[in-house]
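Notes for the structure review
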Amino acid sequence: MTNPVAIVTGSAKGIGLSIAQELSSRGYSLVISDLDAADCARVAATLPSAVGIACDVRDEGQVKALIEHAVDHYGHLDLMVPNAGIGLVAPILETDLSAWRSVTSVNLDGVFLSIRYAAPAIIASGGGAIVTIASVTGTTGSPLVASYGAAKAAVINLTKTAAIEMRDHGLRVNAVVPGFIGTDLVTHTASDFERHLGLSEGGFASVISAKQGRFGTTEDIARAVAFLADPSQSWVTGSTLTLDGGLTAGLI
Ligand SMILES: NC(=O)c1ccc[n+]([C@@H]2O[C@H](COP(=O)([O-])OP(=O)(O)OC[C@H]3O[C@@H](n4cnc5c(N)ncnc54)[C@H](O)[C@@H]3O)[C@@H](O)[C@H]2O)c1
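Figured I'd write up the structure that's included with this text.

Definitions and limits used
- Residues numbered from 1 in each chain as written.
- Predicted model: local features only at pLDDT ≥ 70, side-chain atom pairs only at ≥ 80, totals over all residues.
- Heavy atoms only, no water.
- Near = heavy atom within 4 Å.
- Polar contact = N/O pair within 3.5 Å; in protein donor to acceptor, adjacent residues only side chain to side chain.
- Areas by Shrake-Rupley, 256 points an atom, 1.4 Å probe, with all protein chains shown as cover.
- Helix = DSSP H or I, 4+ residues; strand = E, 2+ residues; numbered from the N terminus.
- Nonpolar A, V, L, I, M, F, W, Y, C, P; charged D, E, K, R; others polar.
- Domains from an automatic or database assignment.
- Buried < 20%, exposed > 50% of the residue type's maximum accessible area, 1.4 Å probe, protein only.
- Right-handed = clockwise from strand over helix to strand, strands pointing away.
- Pairing = 2+ DSSP bridges.
- Axes fitted to C-alpha atoms, helices over the stretch in contact; angles between N-to-C directions.
- Parallel < 35°, antiparallel > 145°, perpendicular 65-115°, else oblique.
- Left-handed = near helix turned anticlockwise from the far one by under 90°.
- Contact = heavy atoms within 4.5 Å.

What to know about the site of the ligand
Not every one of the 27 residues close to the ligand is listed here, only the nearest: Asp 34, Asn 83, Tyr 148, Ile 181 and Thr 183. One of the side-chain nitrogen or oxygen atoms of Asp 56 is found 2.9 Å away from a nitrogen atom of the ligand. A distance of 2.7 Å separates an oxygen atom of the ligand from a polar atom in the backbone of Asn 83. Bound to the protein, the ligand loses 93% of the 840 Å² it would expose on its own. Those elements that provide at least two residues to the shell around the ligand are α1 (14-25), α5 (146-166) and α6 (184-187). The residue makeup of the shell around the ligand, split by class, is 15 nonpolar, 7 polar and 5 charged. Two domains each put at least three residues into the shell around the ligand: domain 1 (5-179 + 217-233) and domain 2 (181-215).

Topic: unusual backbone geometry
Glycine aside, a negative phi is what most residues show, and trans is what most peptide bonds show. A positive phi angle, near 85°, is found at Leu 144, a position not held by glycine. Position of Leu 144 among the secondary structure elements: in the loop between β5 (128-133) and α5. Overall, the relative accessible area of 12% leaves Leu 144 in the buried class.

Let's talk about the pairing of strand β6 (residues 171-178)
As a general feature of sheets, a regular strand has side chains that alternate between the two faces. Of all 8 residues that make up β6, 8 are buried, and the element is covered over most of its length. Neither face of β6 is left uncovered, since the one carrying Leu 171, Val 173, Ala 175 and Val 177 and the one carrying Arg 172, Asn 174, Val 176 and Pro 178 both have all their residues buried. A crossover connection joins β5 to the parallel β6 through α5; in handedness this β-α-β unit is right-handed. For β6 and strand β7 (residues 240-243), the ladder comprises 4 bridges, and the chain directions are parallel. Bridging from a neighbouring strand, Ala 175 pairs with Thr 240 of β7.

What about the pairing of strand β2 (residues 29-33)?
Among the 5 residues of β2, 5 are classified as buried, and the element is accordingly described as predominantly covered. Residues Ser 29, Val 31 and Ser 33 of β2 are buried on one face, and the alternating residues Leu 30 and Ile 32, pointing to the opposite face, are buried as well. As defined by bridge partners, strand β1 (residues 5-9) adjoins β2 across 5 bridges and the pair is classed as parallel. Pairing of Val 8 across the sheet is with Ile 32, part of β2. For the crossover from β1 across α1 to β2, the handedness is right-handed. Here β2 runs beside strand β3 (residues 50-52); their pairing, made up of 3 bridges, is parallel. Each bridged residue has a counterpart across the sheet, and for Ile 32 the counterpart in β3 is Gly 52. Crossover handedness for the path β2 to helix α2 (residues 37-44) to β3: right-handed.

Quick look at the packing of helix α4 (residues 97-124) against α5
Look at α4 against α5: their axes get within 8 Å of each other, and the N-to-C directions meet at 15°. Here α4 is positioned roughly parallel relative to α5, judged by the angle of their axes. Regarding α4 and α5, the two cross each other, and that crossing is right-handed. Within the contact between the two elements, α4 uses Trp 100, Val 103, Thr 104, Asn 107, Leu 108, Val 111, Phe 112, Ile 115, Ala 119 and Ile 123 and α5 uses Ala 146, Ser 147, Tyr 148, Ala 150, Ala 151, Lys 152, Ala 154, Val 155, Leu 158, Ala 162 and Met 166. Broken down by class, the residue content of the contact of α4 with α5 amounts to 17 nonpolar, 3 polar and 1 charged.

Remarks on the side chain of Ser 147
Structurally, the position occupied by Ser 147 is in helix α5. Among residues more than four places away in sequence, those in contact with Ser 147 are Leu 88, Trp 100, Val 103 and Thr 104.

Considerations on the environment of Ser 49
Secondary-structure assignment places Ser 49 in the loop between α2 and β3. Ser 49 sits in the partly exposed class, given a relative accessible area of 22%. Separated by 20 residues in the primary sequence, Ser 49 and Ser 29 have C-alpha atoms spaced 4.9 Å apart. With sequence-adjacent residues up to four places away left out, Ser 49 is seen in contact with Asn 3, Tyr 28, Ser 29, Leu 30 and Tyr 74.

What follows is the structure, given as structure tokens:
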């Protein structure tokens, strides 16, 4: 039996790193992929079976090469996790088209390209799974995150459409829908939320902690990704799994 093989984009830190670590602990061989080759190699060296391959998910040629390189290296591909993402906190009226496109190019185009090129490789390997990383901002209107939320809403729709198209080819496609997780993506933008929402310093973390019970951890998301990826969930496809401590469960 060979190890199952997974690619996780944006896995040099944050949620992607935890996903890679969780999958590794469950016996996967990993492809650690991120923008910087040295970061990829550094993380790969910490795992028992891993290789680092740099890739900018906005670039079609690089995504195609990432998948080919992974299959050349391991001989097969079983799981794709298109995790790479960036944030932008700004009102619509202060968002210009280039800023909008910089967010959607990573958070939506990057997921499309990852699915577009990983799916044939997984199907050729005998089937497997793709788990996308959406967001609660993609399921509810959320002030200040128009480009991010719109991209994440599109990721949910893309996930469901891919699930239907791939169902008869042995490839399951599901999404996790996280609330706020304490990574750089959130901590680096907290002051922008506070400025626009009129909150004092630390106010954003207090509001979110109250509404979620606590901040989510990267491990909360990693375990959910591993659950959806597991072959034992053979009837789970086209699903969204929300992990937000109840943030979006009710109105008050
Ligand atoms: N942190 C949260 O609260 C939260 C909530 C919901 C969803 N998410 C999603 O989880 C995913 C991971 O986010 P995170 O919180 O770990 O953020 P993070 O900023 O800690 O990590 C993101 C990683 O993606 C990489 N990256 C950025 N642009 C890239 C590109 N063009 N090509 C390849 N890699 C690129 C970065 O270098 C970084 O390593 C993202 O898709 C994000 O939208 C995060």
